[in-house]
Amino acid sequence: MGRYEAGQKPALFILVAVPVPSLDLLTYAVPEGVATPSVGARVVVSLGTRVVTGIVVEVNVGRGEAAAGIKPIRELLDVGAFVPPDVVALARWTAEYYAAGVGDAIPALLPPMARGGRADAHKTTRVAAITAAGIEALDVARGVQSRERAITAKQREALELLAGTPTGLATPALAARGIAADAISRLARRGYLSLRQDRLDRDPFAGTDGGQTGVRRGSDPGPDPRLTPIDRQLTGEQAGALDRLTTLAAAREFRVALLHGVTGSGKTEIYIRLSAQIRTSGRRVLMLVPEIALTPAAASLFRQAFGERVAIQHSGLSDGERHDQWQRIRRGDIDIVVGTRSAVFAPLEHVGLIVVDEEHDGSYKQEESPRYNGRDVAIVRAQRAGALVVLGSATPSMESYHNAMTGKYERVVLERRVLDRPLASVSIVDMREAYAAEGPDVILSRTLREGLQTRLERNEQSLVLLNRRGFATAVFCRQCAGTIDCPNCSVSLVVHGEGSAKRARCHYCNYTARVPAACPLCAGPYLEQAGFGTERVEAEVRKACPDARVARLDRDAIRKRGALASLLSRFRDGAIDVLVGTQMIAKGHDFPRVTLVGVVSADVGLGLADFRASERTFQLLTQVAGRAGRGEQLGEAIVQTLYPDHYSIQLACRQDFPAFYERELQFRRAMRYPPMISLVNAVVRSRTFAGAMDDAADIVEKVQQCDAGLRILGPAPAPLGKLRGEYRAQLLIKGMNRKKIREALQSALATRPELQRRVVVDVDPMSVL
Ligand code: ADP
Ligand code: ZN
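Residues numbered from 1 in each chain as written. Chains lettered and ligands numbered in written order. Predicted model: local features only at pLDDT ≥ 70, side-chain atom pairs only at ≥ 80, totals over all residues. Heavy atoms only, no water.

K.L.:
Would you explain the overall build of the chain in this entry?
P.N.:
Counting secondary structure elements, the chain contains 22 helices and 31 strands. When each of the 769 residues of the chain is scored for burial, the buried share is 56%. Pairs at least 24 apart in sequence give 76% of the contacts found in the chain among residues at least 6 apart. For the chain, the exposed surface amounts to about 31,900 Å²; the carbon and sulfur share of it is 50%. (Helix = DSSP H or I, 4+ residues; strand = E, 2+ residues; numbered from the N terminus. Buried < 20%, exposed > 50% of the residue type's maximum accessible area, 1.4 Å probe, protein only. Contact = heavy atoms within 4.5 Å. Areas by Shrake-Rupley, 256 points an atom, 1.4 Å probe, with all protein chains shown as cover.)

Next up, the structure:
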């Protein structure tokens, strides 16, 4: 520990990463007499008028007299590495690969409240969340010259941070990013953010809202079928797969294996046994899952098998929990970390195995800077650690499957469900025929209604999927054909609720309005609702099956803390007959009493202008069909669609992954999309449409000057042409070499520093909407 005193000569220079968006490494001087810090140590530095805690990334970048502009550090919090040096290096790689500032990658490395080195022991924490008024203020601030701004730069920064995390951020977390308490209370007084008090459950395995759906509590202590002993007999296929993976792990070298196992083939069991072996060999395991609450109680199963030496890491935990778990991992008290994408940066040493379950899942991609894919960072981490990576999925991504087919990855296959349970039988309902037979307003076809009724009589459960929220997806005027659109975004407002609770809402910026009685454009009195979402489907199911106990699972239904876990456990306990929901109901759940899955509009995603539209549709349909028939009874899926001949629907219904892969690869090859080439998406934001297009055109020209070999699509208006009051233009850069694309783009942007803040660069995008 040391503190700089004025007048001292600097002894050496260090590079520091500070948790400030889009900042690169900064050079500071360590004064003479202060210990030499290690890479990974925390250091307090001044940055403009602010004081922030950063991480030492490089030491000894030269010695000498204080150079002009290089400040001494204020305080060294650790002499040794607080964050392990290999994790610091991983974050640096991530920032570079994904064209982000190193500062963007820092928050993922630090436990919450690491600023002062001492854990906050309070029982509650204050959480700030942005309000609609705050979003509006931010929109205004983004487009206005600094002198006319209604909020200060610091307040704007706070709002930018909060806009990225609508559920809110704990005030200590904000403080760690340099947002002081007075800035927060000033914003709260103006109504731009709301403050609430959240409890700190320090043990994420206690309490009922950690998403531990596999653990029963309270009045029902019955055994959970999932919590099976580790000595259960493996199926022949499982044993074969485990053997293969064991051999790979024993080599103690970097390897990637794709575990391609159909839904219900018992992949979790393999992860657990492989982890046990790694542990016996003295190494540690990182187990990544897309969303802890939506994955079948992965953490509980690991806890069951490995007891105290398991930690969980994900954003749903309170700061206190996360802090404690992080410290235990860092101290070496933990052998297995189960977590969501940011857990790839867990301070775990001697990593021998990284499992990425449901590797195809879009949740592995972070949709804010750094826009990293947790799966791909996991592979890089394993490469550096000489570890085995197991990518598990029933529907692998095109990229991973391609790597397996070309021999880059090992392919390990589970073709059958455990106990030889058959996959669900799938039938397609052509909705054009249903409309002809029952009229244009039918939402649940006769086949699906009868299917639900039969399950009800047999006391079995059903899932009904529609990947679209709300009651009606648009309101339009019969007189002028106008729709009621969001004032900030180029989308129509979605109607939520019925009767007096009816509101129109934007799914992108949360703008809400009353549904007017007359058309705001022509005053015509005939406003009609069009399109339908999960809320409407829920109402239709109630109408079709008046005796059924029906519930809905989508983002709106689980806003309250604990609502998700409670819904899932009520469904598991049989207190719900039919669960209606979005893709959330398709994710990894294991509900043995579900025998019917209905898909209301299988083609919802197919119309999107995204090269992954077919892949996503195929994955969603295969995964949701995979939720049926996991118990003793046979499963059935009924798929309603307007495009019964589309290959992604046809092949998902036949559950024929290899055929889908071949067909989709033809498309990717012909149109030059990943995995055949590398892709970088750049979106330019501007106050005006012309401004966005002009700036995008300028970038295209400069990129092309740098590297004439790159193919560029655009500039074009982005599919979501206006978002939160800003116009968006897009350019897609294609090339064989990602590094060349990034370099050309970065040198193009370097000529327009003022533009950089308005350009979002997405390397290996999951979605180009
Ligand atoms: P996947 O992740 O591949 O879809 P799970 O790992 O969820 O499949 O396993 C499906 C179900 O089969 C679970 O209920 C699990 O407990 C059970 N299971 C797994 N392996 C076996 C086995 N060898 N014998 C009996 N049941 C098993
Ligand atoms: Zn909007």
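K.L.:
So what exactly am I meant to see when it comes to the site of ligand 1 here?
P.N.:
Taken together, 17 residues surround ligand 1, and among them Q233, Q238, G264, T268 and D590 come closest. Measuring from an oxygen atom of ligand 1, one finds a side-chain N or O atom of R630 at 3.2 Å. In the complex, 88% of the free accessible area of ligand 1, which totals 570 Å², lies under the protein chains. Here the element with the most residues in the shell around ligand 1 is helix α8 (residues 267–280); it accounts for three residues. (Near = heavy atom within 4 Å. Polar contact = N/O pair within 3.5 Å; in protein donor to acceptor, adjacent residues only side chain to side chain.)

K.L.:
What exactly am I supposed to notice about the packing of aromatic side chains here?
P.N.:
Any pair of aromatic rings gets described here by the distance separating the centres and the angle formed by the planes. This structure, assessed with the given rule, holds 15 aromatic pairs. Plain terms: the ring middles of Y647 and F660 are 6.0 Å apart, the flat faces sit at 25 degrees to each other, and that makes the pair stacked. Taken together, the residues span a long stretch of sequence, with Y647 in helix α18 (residues 647–653) and F660 in helix α19 (residues 657–671) at a distance of 13 residues. Each member of the pair, Y647 as well as F660, carries the same accessibility label: buried. One aromatic cluster is present, built from ring pairs that chain together Y401, F618, Y647, F657, F660 and Y661. Positioned above the aromatic ring of Y647 is the side chain of R663, whose terminal nitrogen or guanidinium carbon lies 4.2 Å from the ring centre. The residue whose ring lies beneath K734 is Y673, and the NZ or CZ to ring-centre distance is 4.0 Å. (Phe/Tyr/Trp six-rings, centres within 6.5 Å; stacked < 30°, edge-to-face > 60°. Lys NZ or Arg CZ within 6 Å of the ring centre and 35° of its normal.)

K.L.:
Help me understand unusual backbone geometry in this model?
P.N.:
Leave glycine aside and you will find that most residues have negative phi; peptide bonds, for their part, are mostly trans. In this structure, the amide linkage connecting S369 to the following residue, P370, adopts the cis form with an omega of -5 degrees. Here P370 lies in the loop between β14 (351–357) and α11 (374–385). Positive phi is not limited to glycine here, since N459 has a value of about 65 degrees. Structurally, the position occupied by N459 is in the loop between α14 (446–457) and β18 (461–465).

K.L.:
Just checking my understanding: could you explain the side chain of N403 for this structure?
P.N.:
Within the element layout of this structure, N403 appears in helix α12 (residues 398–405). When near neighbours in sequence (up to four residues on either side) are disregarded, N403 contacts K408 and Y409.

K.L.:
How should I be thinking about the nonpolar core in this particular structure?
P.N.:
Nonpolar side chains tend to gather and get buried jointly when the protein is soluble and globular. V83, F345, L553, I699, V703 and L745 are the most contacted members of the largest nonpolar core, which has 110 residues in total. Contacts of I699, omitting those with residues within four sequence positions, involve V684, L731, L745, A748, L749, L755 and V759. By size, the runner-up hydrophobic cluster in this structure holds 33 residues, among which are L234, L259, I278 and V289. (Core = buried A, V, L, I, M, F, W, Y, C linked by side-chain atoms within 4.5 Å.)

K.L.:
Would you mind going over the coordination of the zinc ion (ligand 2) with me for this structure?
P.N.:
Where a metal carries four tetrahedral donors, each ideal angle is 109.5 degrees; where it carries six octahedral donors, the ideal angles are 90 or 180 degrees. Taken together, C486 (SG), C489 (SG), C506 (SG) and C509 (SG) make up the protein donors of the zinc ion (ligand 2), found 2.2 to 2.4 Å from the metal. Considering all four donor atoms around the zinc ion (ligand 2), the spread of angles at the metal, 102 to 114 degrees, places the coordination shape in the tetrahedral class. (Donors = N, O, S within 2.8 Å, 3.2 Å for Na, K, Ca; no water. Tetrahedral: all angles 85-135°; square planar, octahedral: opposite > 155°, others 65-115°.)

K.L.:
Just to check I follow, could you spell out the pattern of salt bridges for this structure?
P.N.:
Side chains that carry opposite charge are capable of pairing whenever their charged atoms lie near each other. All chains considered together, the criterion is met by 50 salt bridges. Notably, a salt bridge pairs D430 with R432, separated by 3.0 Å at the nearest N-O pair. The exposure class assigned to D430 is buried, which follows from its relative accessible area of 14%. Given the relative accessible area of 46%, R432 is considered partly exposed. Here E450 ties to R446 by a salt bridge, and the two come within 3.9 Å at their closest N and O atoms. With a gap of four residues between them, E450 and R446 both fall in helix α14, about one helical turn apart. (Salt bridge = Lys/Arg side-chain N within 4 Å of Asp/Glu carboxyl O.)

K.L.:
Hey, could you run me through the packing of helix α4 (residues 153–163) against helix α6 (residues 181–189) in this one?
P.N.:
The relative placement of two packed helices is expressed as an angle between their axes plus a distance between the axes. Following both chains from N to C, one finds α4 and α6 inclined at 80 degrees, their axes separated by 10 Å at the closest point. Classified by the angle their axes make, α4 and α6 are roughly perpendicular. In contact with K154, Q155, A158 and L159 of α4, α6 contributes A183, R186 and L187. Taken together, the residues that form the contact of α4 with α6 break down as four nonpolar, one polar and two charged. (Axes fitted to C-alpha atoms, helices over the stretch in contact; angles between N-to-C directions. Parallel < 35°, antiparallel > 145°, perpendicular 65-115°, else oblique. Nonpolar A, V, L, I, M, F, W, Y, C, P; charged D, E, K, R; others polar.)

K.L.:
Is there a simple way to explain the confidence of the model for the chain in this structure?
P.N.:
Predicted coordinates in areas of low pLDDT are best not read in detail. Within the chain, residue pLDDT values average 87, and 89% of them lie at 70 or more. Confidence drops under a pLDDT of 50 for residues 115–121, and excluding neighbours within four residues, the segment shows 14 contacts in the predicted structure. Counted against residues more than four places away or in other chains, residues 199–228, with its pLDDT under 50, gives 70 contacts. (pLDDT = per-residue confidence, 0-100.)

K.L.:
I would appreciate a short explanation of the sheet that holds β18 in the present structure.
P.N.:
Neighbouring strands of a sheet are bound in pairs by backbone hydrogen bonds; such pairs are parallel or else antiparallel. As summarised here, the arrangement of the six strands in space is β17-β27-β26-β18-β25-β24, forming an open sheet in which the pairing is parallel. Here the strands that pair on one side only, and so sit at the sheet edges, are β17 (425–430) and β24 (550–553). Neighbour-to-neighbour, the strand axes of this sheet turn through a mean angle of 20 degrees, independent of strand direction. Where β24 and strand β25 (residues 578–581) come together, four bridges link them in parallel fashion. For R552, the partnering residue across the bridge sits in β25 and is V580. Lying on the sheet, α14 is in contact with β17, β18, β25, β26 (594–599) and β27 (636–641); it crosses β26 at an angle near 160 degrees. Running at roughly 140 degrees to β24, helix α16 (residues 563–572) makes contact with β18, β24, β25 and β26 of the sheet. (Pairing = 2+ DSSP bridges.)

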